[in-house]
Amino acid sequence: MKYPVLFAVLIYILSGCNPTPVATSVREPVDYVNNRIGNISILLVPTFPTTHLPNSMLRMIPAHREFVTDRMQGLPLNVPSHRQGEVLLLMPFCGDVEKVDVSGINYRYDHEISTPYRYSVFLDDYGINVDFAPAAKSAVYSFAFEENGRRAVMLRTVGNGEIKADGKVISGFENYRGAKHYFYLEFDQTPAQTAGSKTDDRHANVCAQFDPALKAVKVRYGISYISVEQAKKNLEKEIEDFDVERVAQNARNEWNKTLGKIEVEGGSENEKTTFYTALYRSHERMIHISEDGKYYSAFDGQVHDDDGVPFWTDDWVWDTYHALHPLQILLNPKAEEEKLASYIRMCEQSPERWMPTFPCVFGDAHCMNGNHAAVIFADALCKGLKFDVAKAFEGMKNTALTETMIPWKRGPKTVLDDFYHEKGWFPALHPGEKETVQEVNAFEKRQAVAVTQAASYDDWCIAQLAKSLGKTEDEDFFMKRSYNYRHLFNKETGFFHPKDRDGKFIEPFDYALSGGIGSRDYYDENNGWTYIWDVHHRIGDLVDLFGGARPFADRLDGLFATEIPMSKWQYYAVQPDATGNIGQYVAGNEPSCHIPYLYNYAGEPWKTQKRIRMVMESWFRNDLLGIPGDEDGGGMSACYAFSAMGFYPVSAGIPVYNIGSPVFNKTTIRLDNGKIFTIVAKNASWRNKYIQSARLNGQPWNKTWFAHDDVVNGGTLELEMGDRPNRQWGVGKDAIPPSGKIRLEGISWDETDETEIGIPEEHRQEIGSRITS
């Protein structure tokens, strides 16, 4: 073999071994993190080996896009927003500096080691060892030189900006998508020479040259969105010298504290690595950007006092409402309250007073469809978190009624929205029919079914906010609209089917392939098979639409058993986001995360147990290809973290968790209130995935769910596991998870039949006795 060493290393990593050296003889939680998992994408975007503190303003990812390369453009001071580019590249050199073309640099590198708390790499061409460690708003680099020649370190903007040098200090800013990213950087010694120039029309740079006799040059720096002076304060507050080891140890301690809130026992070393890596990725964002009690908001371009409540941003709520926000409610409820307050601030600071969907440091990126900020508010409300419900409601109401629902469009409502508000569904175009509404994105299209379903769920969540405020008229209004998904259910086929403006189903129609790239004419990133199940807020009614539990379970079986209709290379050219298939089930996209748990609602929980294990074992692994699709900054990882523990929040906004099949024999969750919730899965193993019996706090438990209060009050769920299904456990009316019931003021269940509070007249006769389960 031509490259035996390289091949051995590749096999070592792909086999599931963690290439990161263990710092202590006893493995601590952070030692199980392998941030190389998923660094080679199944098709679209890989995961990135990010070095940072939990939810910190500063994140470092070396400037290369794929694991399978040995080229990088430099070492960034920061990655301000998930997956949206870096700023301010550090580029060390050795030798004849004048001959280096800094505008087209492409380092060759080797011996790269990345952990959450430390990063190191060897730059081949210049013989430089790089070492890096982060704090929250500052960091430190060390460059150790092996070759002879002049030593130099250049700092270059990625976009445009201003940089100036003064002795040991380099400072300035880079314009990042409309926001100014300030920095203050210090060398550990004074450069022999410093020069600045423009490398081209876009990039500013400063090059500091040092004595050729030096063995190492060290750099420490702070960042800010407020000013250079604040960046300096942030640095001086967090890092007192140039000791990479000290900063790395502090970062390591912080990660162990964060990851140690959940302790798992049993399972394999690979399963522990996959779990703790998912938990690590679930703490990339949102990010805390308050600086000494102040924060910059891109929503009005101003610096504000935070009044003791830190400001958070960087969220893609279409991806994160499913599991990431519910996980943070469990683990970090105070921080989640601050995030909700930040959403309200962003809404109030925007000229239109619209709630953002993808808030970033530069403003609202406004991607995807729906406005699921409503969901995270409703979920927090029903789980007892504190925030200004009145302001959240007013912001969501104004957004729902005045902003357009057109995907990827931030703007006032259009004729399409007026049609929706009157008729109750987003109108679709027939194949080949020309788009007449100029606001519709030429690639993203109308997504007519996905928009209707998203709005139905959002409206249900807004109704919960209204109910808690005693706003009966508003509650009734939004509750009626929350049934709009029913307009598109095709009883003949058992799919949600797009309709034109005349109320006619689009025909002919292929639920796997119609709608162009990602089925975006009608759905979004996924085809009609995935969108059968996108009724989180009223699953009992969804079962009724199918005619009962049997046909509902049969359709679930069909989802997992129906193969893709053509060769993979042809199919993924049409459905590139729908990877991680098991039949038509898509493990690689967040709208599918809850689907295996729906067997619990059909009285067949053993199928949930089988399917969720199949999904985890097939598509979430400790290797470079171990993520089934776009991970989305914690969105996908949080889904896995819940499922590996053995439970999942199927319906955010309803304070219950569905029981699945735990990977570990014991999971201990240490809560902020001092309580402990423990899941014991006796005999759990690859073979023993089926629940034989259960006890909650010592009492027999035949339900496939438990309440959020059961967790936060502390307690123990004991599951006896076996290798064959117990078809008697978890069946019966009381075993089915609540769907449509809500809790007010964190106290009691509201058992009110929703027929009394606003079911539209056209649906009343269709809905049977299972309005709520």
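Figured I'd write up the structure that's included with this text. (Residues numbered from 1 in each chain as written. Predicted model: local features only at pLDDT ≥ 70, side-chain atom pairs only at ≥ 80, totals over all residues. Heavy atoms only, no water.)

## Observations regarding the overall build of the chain
Of the regular secondary structure elements, the chain holds 20 helices and 37 strands. The dimensions of the chain, computed from C-alpha atoms along their principal axes, are 85 × 60 × 55 Å. Taking all 773 residues of the chain together, the buried fraction comes to 64%. For the chain, restricting intrachain contacts to residue pairs at least 6 apart in sequence, the fraction spanning at least 24 positions comes to 68%. (Helix = DSSP H or I, 4+ residues; strand = E, 2+ residues; numbered from the N terminus. Buried < 20%, exposed > 50% of the residue type's maximum accessible area, 1.4 Å probe, protein only. Contact = heavy atoms within 4.5 Å.)

## Details of the sheet that holds strand S6 (residues 107-114)
Pairing is antiparallel across the open sheet formed by nine strands, whose spatial order is S3-S6-S7-S8-S9-S16-S13-S12-S11. Where the open sheet ends on each side, the last strands, each with one partner, are strand S3 (71-72) and strand S11 (161-166). Here strand S9 (residues 138-145) runs beside strand S16 (residues 216-224); their pairing, made up of seven bridges, is antiparallel. Opposite Tyr141, over in S16, you have Val219 as the bridge partner. Packing against the sheet, helix H3 (residues 244-259) makes contact with strand S8 (128-134) and S9, and its axis sits at approximately 40° to S8. (Pairing = 2+ DSSP bridges. Axes fitted to C-alpha atoms, helices over the stretch in contact; angles between N-to-C directions.)

## What to know about helix H15 (residues 549-561)
Its 13 residues give H15 an end-to-end C-alpha distance of 18 Å, which sits within 8% of 18 Å, the value for a rise of 1.5 Å per residue. Within H15 the residues assigned to the buried category are Phe552, Ala553, Arg555, Leu556, Gly558, Leu559 and Phe560. Here the buried face of H15 lies against strand S25 (495-496), helix H13 (528-531), helix H14 (539-546), strand S26 (581-582), strand S27 (585-586) and helix H17 (605-619). (Expected span 1.5 Å × (residues − 1).)

## Regarding the nonpolar core
Membership of the largest hydrophobic core comes to 229 residues, with the highest contact counts inside it found for Phe275 and Phe377. Looking at which element gives the most residues to this core, the answer is helix H11 (residues 448-468), with twelve residues. Discounting residues that sit within four places of it in the chain, Phe275 has contacts with Ile262, Val264, Tyr640, Ala641, Ala644, Met645 and Phe664. (Core = buried A, V, L, I, M, F, W, Y, C linked by side-chain atoms within 4.5 Å.)

## Section: the packing of aromatic side chains
As enumerated under the stated definition, the model contains 46 aromatic pairs in all. Taking the centre distance of 5.2 Å and the plane angle of 70° together, the rings of Phe489 and Phe496 count as edge-to-face. The pair formed by Phe489 and Phe496 is uniform in burial state, with each residue classed as buried. Aromatic pair Phe546 and Phe552: ring centres 5.7 Å apart, planes at 75°, arrangement edge-to-face. Comparing Phe546 with Phe552, the two get one shared label, buried. What links up through ring pairs into an aromatic cluster is the set Tyr483, Tyr485, Phe489, Phe496, Trp533, Phe546 and Phe552. Positioned above the aromatic ring of Phe173 is the side chain of Lys180, whose terminal nitrogen or guanidinium carbon lies 4.4 Å from the ring centre. The cationic tip of Lys689 hangs over the ring face of Trp686; the distance from NZ or CZ to the ring centre is 6.0 Å. (Phe/Tyr/Trp six-rings, centres within 6.5 Å; stacked < 30°, edge-to-face > 60°. Lys NZ or Arg CZ within 6 Å of the ring centre and 35° of its normal.)

## Examining the pattern of salt bridges
For the coordinates displayed, the defined rule picks out 49 salt bridges. Notably, a salt bridge pairs Arg36 with Glu112, separated by 2.6 Å at the nearest N-O pair. You can see Arg36 sitting in the loop between helix H1 (4-14) and strand S1 (51-52) and its partner Glu112 sitting in strand S6, a full 76 residues away along the chain. Judged by relative accessible area, Arg36 falls into the buried class, the value being 6%. For the salt bridge of Arg118 with Glu245, the shortest nitrogen-to-oxygen distance reads 2.9 Å. Of this pair, Arg118 sits in the loop between S6 and strand S7 (119-123) while Glu245 sits in helix H3, and the two are 127 residues apart along the sequence. (Salt bridge = Lys/Arg side-chain N within 4 Å of Asp/Glu carboxyl O.)

## Digging into the packing of helix H9 (residues 389-402) against helix H12 (residues 472-481)
Between H9 and H12, the shortest axis-to-axis distance is 13 Å and the interhelical angle comes to 45°. With respect to H12, the axis of H9 lies oblique. The way H9 lies across H12 gives a crossing that is left-handed. Contacts from Phe393, Lys397, Ala400 and Leu401 in H9 reach Asp474, Phe477, Phe478 and Arg481 in H12. In terms of residue class, the contact of H9 with H12 is built from five nonpolar, no polar and three charged. (Parallel < 35°, antiparallel > 145°, perpendicular 65-115°, else oblique. Left-handed = near helix turned anticlockwise from the far one by under 90°. Nonpolar A, V, L, I, M, F, W, Y, C, P; charged D, E, K, R; others polar.)

## Quick notes on the packing of helix H6 (residues 324-331) against helix H7 (residues 333-349)
Running from amino to carboxyl end, H6 crosses H7 at an angle of 130°, the nearest separation of the two axes being 6 Å. By the criterion of interaxial angle, the relationship of H6 to H7 is oblique. Contacts from His325, Gln328, Ile329, Leu330 and Leu331 in H6 reach Pro333, Glu336 and Lys339 in H7. Residues that form the contact of H6 with H7 fall into these classes: four nonpolar, two polar and two charged.

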